[in-house]
Amino acid sequence: MFCSGASAAKKRYERDVLRFMAAYVVVILCSAWFVKHDGHERFYLYFWSVIPAIPILGVLVRMGQYLQEEKDEYQRWLVMQAILVGTALLLGTVVVNDFLRAFANAAGLPPFAGFMIFCMGMAVMQVVQRLRNRVSADE
Amino acid sequence: MNNRLKALRAELGLSQQELAARLEVSRQSVNAIETGRYDPSLPLAFRIAKVFGKAIEEIFEEDSK
């Protein structure tokens, strides 16, 4: 069985991330609508392009706050490990892609790929951590 | 680092969950320390030592090569 290890800080963090993601869905739909119907002026085009990034930046800021709030050092260490794996996967992909672009005229990463790669790295590490914790959960 | 956490916990008849509650950490943390997957910080090691009424070096010891 998995250990139940969600602290109060982690529950608050997960709740806030869900709120940010819900806000993101609303904002991205609004942005798409406004760009389609009112995206002729440069200012508004920039405005509605930047707005959807705010909830995503909110998630990153909340991640940092969570690391400060979390009193359980092992839980904090697990999250930091996942963040490091996500960051390493993102930077590794960017470096390889940069060389491919520089020497082989390959295409750049598609839009939004960066955050997705970071999240994917974090998710893979969290699955590995859960499997490790499951194996040794029995007392 | 090796530790005697599991043996000491058994002596006191505490479950991982009960020890975790006394230390104000998750059960996952106690499990990770017991199985050697995580070495606690000095403040947590002091809290563990206090729960068992022992010195830190009586609970934790360096890996012997």
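The structure presented is a predicted model; accordingly, all values stated were derived computationally and were not measured.

1. Comments concerning the overall build of chain B
Then, number 1: From N to C terminus, chain B includes five helices and two strands.
Then, number 2: Secondary structure elements of chain B occur, N-terminal to C-terminal, as β-α-α-α-α-α-β.
Then, number 3: Expected size for 65 residues packed as a compact globule is a radius of gyration near 11 Å; at 11 Å, chain B falls within 12% of this value.
Then, number 4: Dimensions of chain B, computed from C-alpha atoms along their principal axes, come out at roughly 35 × 20 × 20 Å.
Then, number 5: Within the span of chain B, comprising 65 residues, buried residues form 29% of the whole.
Then, number 6: Partitioning the intrachain contacts of chain B with sequence separation of at least 6 by distance along the chain shows that 52% fall at a separation of at least 24.

2. Some points on the overall build of chain A
Then, number 1: Regarding its fold elements, chain A presents five helices and zero strands.
Then, number 2: Counted from the first residue to the last, chain A has its helices and strands arranged as α-α-α-α-α.
Then, number 3: Taken against the 2.2 N^0.38 rule, which gives 14 Å for 139 residues, the C-alpha radius of gyration of chain A at 19 Å runs more than 25% over that of a compact globule.
Then, number 4: The C-alpha extent of chain A, read off along each of the three principal axes, is 65 × 40 × 25 Å.
Then, number 5: Out of the 139 residues belonging to chain A, those deemed buried represent 14%.
Then, number 6: Counting contacts in chain A only where the partners sit at least 6 residues apart, residues at least 24 apart contribute 78% of the total.

3. Quick word on the interface of chain A and chain B
Then, number 1: With 15 residues of chain A at the contact, the number on the chain B side is 15 residues.
Then, number 2: Elements with a minimum of two residues in the side of chain A that touches chain B: α4 (73-104) and α5 (113-135) of chain A.
Then, number 3: The greatest single-element share of the side of chain A that touches chain B, amounting to four residues, is contributed by α4 of chain A.
Then, number 4: Residues of the side of chain A that touches chain B, tallied by class, amount to four nonpolar, six polar and five charged.

4. Structural notes on the domain arrangement of chain A
You'll often see interface size given as the accessible area lost when the parts meet.
Then, number 1: By domain assignment, chain A separates into domain 1 (1-69) and domain 2 (72-139).
Then, number 2: Put simply, the middle of domain 1 of chain A and the middle of domain 2 of chain A, counted by C-alpha atoms, are 19 Å apart.

5. Describing the environment of A53 of chain A
Residues and elements named next belong to chain A.
Then, number 1: In this fold, A53 is placed in helix α3 (residues 53-69).
Then, number 2: A53 sits in the partly exposed class, given 13 other C-beta atoms within 10 Å.
Then, number 3: For the pair A53 and Y24, spaced 29 residues apart in sequence, the C-alpha separation works out to 8.1 Å.

6. Here's the deal with the packing of helix α1 (residues 8-38) of chain A against helix α2 (residues 42-50) of chain A
If you want to describe how two helices pack, look at the angle between their axes and the distance between the axes.
Residues and elements named next belong to chain A.
Then, number 1: The N-to-C vectors of α1 and α2 enclose an angle of 165°; their axes lie 9 Å apart at closest approach. Between α1 and α2, the angle falls in the class roughly antiparallel. Along this stretch, α1 crosses α2, giving a crossing that reads as left-handed. Of α2, the residues touching α1 (which contributes S31, F34, V35 and D38) are Y44, L45 and W48.
Then, number 2: Tallied by class, residues from the contact of α1 with α2 come to five nonpolar, one polar and one charged.

The rules behind these values
- Residues numbered from 1 in each chain as written.
- Chains lettered and ligands numbered in written order.
- Predicted model: local features only at pLDDT ≥ 70, side-chain atom pairs only at ≥ 80, totals over all residues.
- Helix = DSSP H or I, 4+ residues; strand = E, 2+ residues; numbered from the N terminus.
- Rg over C-alpha atoms; globule rule 2.2 N^0.38 Å.
- Buried ≥ 20, exposed ≤ 12 C-beta atoms within 10 Å, placed from the backbone.
- Contact = placed C-beta atoms within 7 Å.
- Nonpolar A, V, L, I, M, F, W, Y, C, P; charged D, E, K, R; others polar.
- Domains from an automatic or database assignment.
- Axes fitted to C-alpha atoms, helices over the stretch in contact; angles between N-to-C directions.
- Parallel < 35°, antiparallel > 145°, perpendicular 65-115°, else oblique.
- Left-handed = near helix turned anticlockwise from the far one by under 90°.

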